Amino acid sequence: MEFGILGPLEVRHGDGQVTIGGTKQRRVVATLALNAGRVVTLGQLVDAVWDGEPPVTARKQVQNAVSALRRTPVGAALAAVGPGYVLRVPVEQVDAGRFERCLAEAHAARARHDLTRAAETLRAGLAIWRGPALAGVGGRTALTAAGQLEERRLSAVIAWAEISLELGSHGVVADELSAELDRYPLCEPLAGLLMLALYRAGRAAESLVCYQRIRHTIAEDLGVDPGPELQSQYHRILAADPALHHRSEALQRNYLPRDIGHFTGRLAELDRLMSIVDSGGVTVIQAIDGMSGVGKTAIAVHAAHRFAGRFADGQLFIDLHGHTAGRDPLTAEEALDVLLRAVGVPDARIPKSLDERAAVWRGELAGRRVLLVLDNALNSAQVGPLLPGSASCAVMITSRRRLTGLNSAEVLSLDTLPPDDAVALFRAVVGPDRCEAEPAAVVEVVKLCGHLPLAISIAAARLRTRPQWTVFDLVERLADDHRRTRLLQSEDRGVTAAFSLSYQHLVDAEQRMFRLLGVHPGSDVDVFAAAALAGLTVDEAENLLDALCDMHLLIPHLPGRYRLHDLVRDFARASVEAEEPASERSAALDQLLDYYLHVTQIATELDAPGRPTLGASPRYRPTAVPRLTKTSEIRSWVNAEYANLLAVARLAAQHRAGEGGWQLPRNVGSLLYENGQLSASLEVFRIALAACGPETPPVVKSACLLDVSMMHKVLGQYRLALDYLNQGTANAAHSGDRDGIARSLIHKADLSYLIGSFTDAVTYATRGFEIYHDQADLWREAAALTVIMDALSRLGRHREAIDAADRAALPLDGFANLRQASAVLSRRGTAHSGLGEHDSAIRLLHQSVDLARQGEDRRFEADYLHRLAEATRRSGQPHEALKHAREALAILHDIADPVDLAETHNVLGAIHSDIHDYEVSLAHYRQSLEITATVEYRVAKAHAHSGISRCLTALGHPGAQTHRQQALAIYAEIGVPEADSLPEVGPARPEERRRRRPRHLHPHDDVGT
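Residues numbered from 1 in each chain as written. Predicted model: local features only at pLDDT ≥ 70, side-chain atom pairs only at ≥ 80, totals over all residues. Heavy atoms only, no water.

**Considering the overall build of the chain**
Here's step 1: Per the secondary structure count, the chain includes 47 helices and 14 strands.
Here's step 2: Taking the principal axes of the C-alpha coordinates as reference, the chain spans close to 115 × 100 × 45 Å.
Here's step 3: Here the chain holds 1009 residues, and the buried ones make up 56% of them.
Here's step 4: Expressed as a percentage of contacts within the chain between residues at least 6 apart in sequence, the contacts between residues at least 24 apart total 68%.
Here's step 5: Surface accessibility of the chain: about 41,900 Å² in total, with carbon and sulfur atoms responsible for 51%. (Helix = DSSP H or I, 4+ residues; strand = E, 2+ residues; numbered from the N terminus. Buried < 20%, exposed > 50% of the residue type's maximum accessible area, 1.4 Å probe, protein only. Contact = heavy atoms within 4.5 Å. Areas by Shrake-Rupley, 256 points an atom, 1.4 Å probe, with all protein chains shown as cover.)

**Some remarks on a negative patch on the surface**
Here's step 1: On the surface, Asp328, Glu333, Glu334, Asp355 and Glu356 cluster together into a negatively charged patch.
Here's step 2: Every element with two or more residues in the negative patch is listed here: helix H13 (332-342) and helix H14 (354-365).
Here's step 3: Tracing the backbone through its elements, the reader meets aspartate 328 in the loop between strand S8 (314-319) and H13. (Patch = residues over 30% accessible without salt bridge, like charges linked within 9 Å, V, L, I, M, F, W, Y side chains within 5 Å. Salt bridge = Lys/Arg side-chain N within 4 Å of Asp/Glu carboxyl O. Lys, Arg positive; Asp, Glu negative; His and termini not counted. Charge placed at Lys NZ, Arg CZ, Asp CG, Glu CD.)

**Description of the pairing of S8**
Here's step 1: Of all 6 residues making up S8, 6 are buried, and the element is well covered by its neighbours.
Here's step 2: Along S8, one buried face is formed by Gly314, Leu316 and Ile318 and the opposite face, lined by Gln315, Phe317 and Asp319, is buried too.
Here's step 3: Note: S8 against strand S9 (residues 370-377), 6 bridges, orientation parallel. If you follow leucine 316 over to S9, its bridge partner there is leucine 372. (Pairing = 2+ DSSP bridges.)

**What about the nonpolar core?**
Here's step 1: Counting residues in each nonpolar core, the largest one holds 87 residues, and the members touching the most others are Phe3, Ile5, Val62, Leu177 and Leu190.
Here's step 2: Counting residues per element, this core draws most heavily on helix H6 (residues 140-166), which supplies 13 residues.
Here's step 3: In contact with valine 62, other than residues within four places in its own chain, are Val28, Leu42, Leu45, Val46, Val49 and Trp50. (Core = buried A, V, L, I, M, F, W, Y, C linked by side-chain atoms within 4.5 Å.)

**Thoughts on the confidence of the model for the chain**
Here's step 1: When the pLDDT values of the chain are averaged, the result is 84; 90% of them are 70 or greater.
Here's step 2: At the level of individual helices and strands, the chain shows its lowest average pLDDT in helix H47 (residues 990-994), which scores 47, and its highest in helix H24 (residues 527-534), which scores 95.
Here's step 3: Here residues 990-1009 scores under 50 on pLDDT; set against residues more than four positions off or in separate chains, the count is 55 contacts. (pLDDT = per-residue confidence, 0-100.)

**Considerations on helix H40 (residues 858-874)**
Along an α-helix, a turn takes 3.6 residues, which lines up residues three or four apart on a common side.
Here's step 1: Over its 17 residues, H40 runs 24 Å from end to end, which matches the ideal 24 Å to within 8%, given 1.5 Å per residue.
Here's step 2: Burial runs high along H40: 14 of the 17 residues are buried.
Here's step 3: Phi for glycine 876, located one or two positions after H40, is positive at around 85°. (Expected span 1.5 Å × (residues − 1).)

**Details of the packing of aromatic side chains**
Here's step 1: Summed over the entire model, instances satisfying the criterion amount to 9 aromatic pairs.
Here's step 2: With a centroid separation of 5.6 Å and an interplanar angle of 45°, the aromatic rings of tyrosine 503 and phenylalanine 514 are classed as tilted. Here tyrosine 503, found in helix H22 (residues 495-503), pairs with phenylalanine 514, found in helix H23 (residues 508-517); they are 11 residues apart in sequence, far enough to count as distant. The exposure classification of tyrosine 503 matches that of phenylalanine 514, with both residues buried.
Here's step 3: With a centroid separation of 5.5 Å and 85° between ring planes, the pair formed by tyrosine 503 and phenylalanine 571 is classed as edge-to-face. Residue tyrosine 503 is located in helix H22, and its partner phenylalanine 571 is located in helix H26 (residues 566-579); the two are separated by 68 residues in the primary sequence.
Here's step 4: Accessibility expressed as a relative area gives 6% for phenylalanine 571, which makes it buried.
Here's step 5: Above the face of the tryptophan 129 ring, arginine 153 is positioned so that its terminal group lies 5.8 Å from the ring centre.
Here's step 6: The ring of tyrosine 764 carries the charged tip of lysine 748 above its face, separated from the ring centre by 5.6 Å. (Phe/Tyr/Trp six-rings, centres within 6.5 Å; stacked < 30°, edge-to-face > 60°. Lys NZ or Arg CZ within 6 Å of the ring centre and 35° of its normal.)

**Section: the pattern of salt bridges**
Here's step 1: One pass over the full model with this rule turns up 44 salt bridges.
Here's step 2: Arginine 561 is the partner of aspartate 526 in a salt bridge, and the nearest nitrogen-oxygen pair spans 3.9 Å. You can see aspartate 526 sitting in strand S12 (residues 525-526) and its partner arginine 561 sitting in strand S14 (residues 561-563), a full 35 residues away along the chain.
Here's step 3: Between glutamate 870 and arginine 874 there is a salt bridge, with its nearest N and O atoms 3.0 Å apart. Taken together, the residues span about one helical turn, with glutamate 870 and arginine 874 both in helix H40 at a distance of 4 residues.
Here's step 4: Each of Asp524, Asp526, Arg561 and Glu641 takes part in salt bridges that share partners, so that together they form one network.

**Some words on the sheet that holds S14**
Here's step 1: Spatially, 3 strands are ordered S12-S14-S13 in an open sheet, and the strand pairing comes out antiparallel. Edge positions in the open sheet fall to S12 and strand S13 (555-558), since each of these has one partner strand only.
Here's step 2: Pairing of S13 with S14, which is carried by 3 bridges, proceeds in the antiparallel orientation. Each residue of the ladder has a partner; that of isoleucine 555, found in S14, is arginine 563.

**Quick word on the environment of aspartate 894**
Here's step 1: If you trace the backbone, aspartate 894 turns up in helix H41 (residues 878-894).
Here's step 2: Along the sequence, aspartate 894 and glycine 676 sit 218 residues apart, while their C-alpha atoms lie 8.5 Å from each other.
Here's step 3: With residues near it in sequence (within four places) discarded, aspartate 894 still touches Pro346, Asp347, Ala348 and Arg858.

**Some details on the sheet that holds strand S5 (residues 78-81)**
Here's step 1: The 3 strands lie next to each other as S4-S6-S5, forming an open sheet whose pairing is antiparallel. Each edge of the sheet is formed by a strand with only one pairing partner; in this case those strands are strand S4 (40-41) and S5.
Here's step 2: Summarising the sheet, S4 and strand S6 (residues 84-87) pair through 2 bridges and their orientation is antiparallel. Directly across from threonine 41, in S6, lies its bridge partner glycine 84.
Here's step 3: Each of S5 and S6 is contacted by helix H3 (residues 58-70), which is oriented at about 140° to S5, the strand it contacts most. (Axes fitted to C-alpha atoms, helices over the stretch in contact; angles between N-to-C directions.)

**A word on a nonpolar patch on the surface**
Here's step 1: On the surface, a nonpolar cluster with roughly 260 Å² of combined accessible area is contributed by Leu186, Leu222 and Val224.
Here's step 2: Note on placement: valine 224 falls in the loop between helix H9 (204-222) and helix H10 (228-238).
Here's step 3: By relative accessible area, which is 44% here, valine 224 ends up partly exposed.

**Observations concerning the packing of helix H1 (residues 23-34) against helix H2 (residues 42-50)**
Here's step 1: Between H1 and H2, the shortest axis-to-axis distance is 9 Å and the interhelical angle comes to 125°. It follows that H1 is oblique to H2 by the angle criterion. Relative to H2, H1 is oriented so that their crossing is right-handed. Contacts between H1 and H2 involve Lys24, Arg27, Val28, Thr31 and Leu32 from the former and Leu45, Ala48, Val49 and Trp50 from the latter.
Here's step 2: Looking at the contact of H1 with H2, its residues break down into 6 nonpolar, 1 polar and 2 charged. (Parallel < 35°, antiparallel > 145°, perpendicular 65-115°, else oblique. Left-handed = near helix turned anticlockwise from the far one by under 90°. Nonpolar A, V, L, I, M, F, W, Y, C, P; charged D, E, K, R; others polar.)

**Examining the packing of helix H42 (residues 898-914) against helix H43 (residues 918-932)**
Here's step 1: Direction vectors running N to C along H42 and H43 enclose 160°, while the axes themselves pass 8 Å from each other. Of the possible angle classes, the one that applies to H42 and H43 is roughly antiparallel. Here the hand of the crossing between H42 and H43 comes out left-handed. In this structure, H42 contributes Pro898, Leu901, Ala902, His905, Asn906, Leu908, Gly909, Ala910, His912 and Ser913 to the contact, and H43 contributes Tyr918, Val920, Ser921, His924, Tyr925, Gln927, Ser928, Ile931 and Thr932.
Here's step 2: Among the residues making up the contact of H42 with H43, the classes are represented as 9 nonpolar, 10 polar and no charged.

The structure is reproduced here in structure tokens:
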């Protein structure tokens, strides 16, 4: 028999429904079902039936009602107990009991971070409800109980929505919660979840309408405004706050290195780690003070693999290089950069400062179950900013020193293996069959290895690959004092000897490859760079690298890429210095640098064909290089080689000081710039400039100064850019370098344009154009022409901009690269748009976008898209304009460019203003103003002030006149015609103040960004 109170009262027996007649019987059954399994006194039943005002015969009437119920199937479960009655059924036979069980199971699943199970269980519990609880029963007791049950249901709905949003089911939540808000119209937490779900589902307009709806309801029913949390949610949605975006499943990855297949022992240490992880809280486990090769990283990685199932949101690993010879430790900023990228944070969202990066990192891990392994830490200062703030995360740190600054750390110091574990490790590597016959010899081998895990593993692997040896043969070799000292002892506590044991049994070619890997300055090496180091073919190098991997001297961590453990790297460097003549080491390094010079030259010629090629060609020509025939391949290669490129750029500047040390850093800087890694690009360009000495040709010094100037310009640091530009210009003029003079003029024109000196920009760019025209350099003629056209259009001289392009008559179809062709077309389109020739403008701008996409040039694609959006807006097509502007903004989220970002927000502001969606428009204009507060891009700042003034006027808010005056002041300074069209500020018309929904958009369109 089953009782239903989550809806109209219902009793079911078998396949049929039991009829409960009369109000008294229904209230008695409802009260007993609410208390299933518990005694309900006769007085309680009387109160439930008559609400505290019973007649004299009330008790008798209740008894009669119970007697009537006994004649139904309910009677089988009814029992008189002492002063009352009890319904003897398991709680699960009442639907409210089943609902509570679902809530408890969901709570437990959520606590163990099984979110999918939690969401499914809550959904099942909510499906039990058939309508309002105890509908039709009536009476104070039933109404009170129904209110409590409804509160439990609302809590379940909110919990389900929170979990489902965390799982990314935004559309489902949005659809479900709309009906729930009708049921609970004053529930602000429910409204906040519905707004977030709609926003994440791409339905920002509906999200804003949802807020207005509950605000109106609360005002009418309660006479107050929504609470501060809901108001904050509304404004964050208006501003398209990136923090509202759903954190992608990119975090749910396992970045742990491969586990050690023959890991043995350490049971006590692993149990201790397990107990600390189980205790909860941010767990810091530190393995220190062990010998080199004692297995600090091995146990951390092995434990991490064992615990991985407890951390469903991801397992991350990073080598902090705290004690890596020849390499500086990662700074906390650099480590956070790596970690943030690993969890899917795009470049545009990674801040510059340490504190901001640490805050974003903690935010990404908040509420997540993540295991973080920080390997090879230097000190507490390096580690502190990397620690999550979430109590659901665990951190394991390995270091060679005690991190005494981490007060919350649990310390685990590793010693060598106990004898039994050492023997077990040896047996696991060699195999039990060969060890069974010589148990005493096995004990002796591990003793001679000092019970050091790395030495044992190397010795056992040696025996395993020599089937003709016995275990005792190995004992004899290790028992020789001279050989043992040489093989297992060194200044580095015996670790070098352990590595040497493996190294001595490599063939000559393998030894040489291993030694030469010690010359490479980067964090890892690919097969092409290794081939260049050794002067081999790629196939020959790959065979040798695989042999080193077999001997565990090299780790294949990605397809075609290998890395040395830091201690093995120490040994490789010691070996190459001891065994390789200085001339051979220098030759190998030169081959490596020439390899990188050759590859970066190929990449830069494709990425930036107009960039002047300076310096001699590499003397060494590699036999093979990575495939770099299109932009996407270059981007992938630069990302994979990022750390190596920085390292070889620094090394080239040192190794080739006075002999072209600037050349490789300059190529690297250009590639990093094209890849959107702007700060790193500036750093490397500075290295190139510092490598220029007195003997460096002036043309080179000028080019390096202009490179640094360009990067300061791109980063919005216009004053610094001008300082370096002036130095570069003087250098070029002094040496009579016409190419450098022309390049300086174009940079000066660009800077003049950015700071609003448009007439100067035309003058400088025209002079540069004339030099390039004399040199018949079409590519850079086009670069100069784009600046001329941009500046003329800003001055309102659109026809002159078109005429300038016509006079130049550049054969755009003949360009090897699509960039300048698309740039000139985009400027033509902008000029036609300014003249009101919309069809021509839109056609040309579509062509420029298509060319940028063909060239995989995303930075320029974003530029042309916001130009196309503006032209489309002016033609009266807000839907299309909005689509193009959003595409531009999506690109700029990945490739930060403050100028294009400010322009795009201004265009979005104008589009939303046109459709009278003033609050969203205002948010975009304010974002543009915020960007231009950090860069001196004055025309965009003026447009933002102008747009804010229009929006505030339309909304009837104060402050419009102030922004108008600021816009007018800038317009007057830079001499553009916009000041003439800026309307006077007056009171908003009533019909404008009443507008809240965009005029041209369907209610389901996403009007936010």
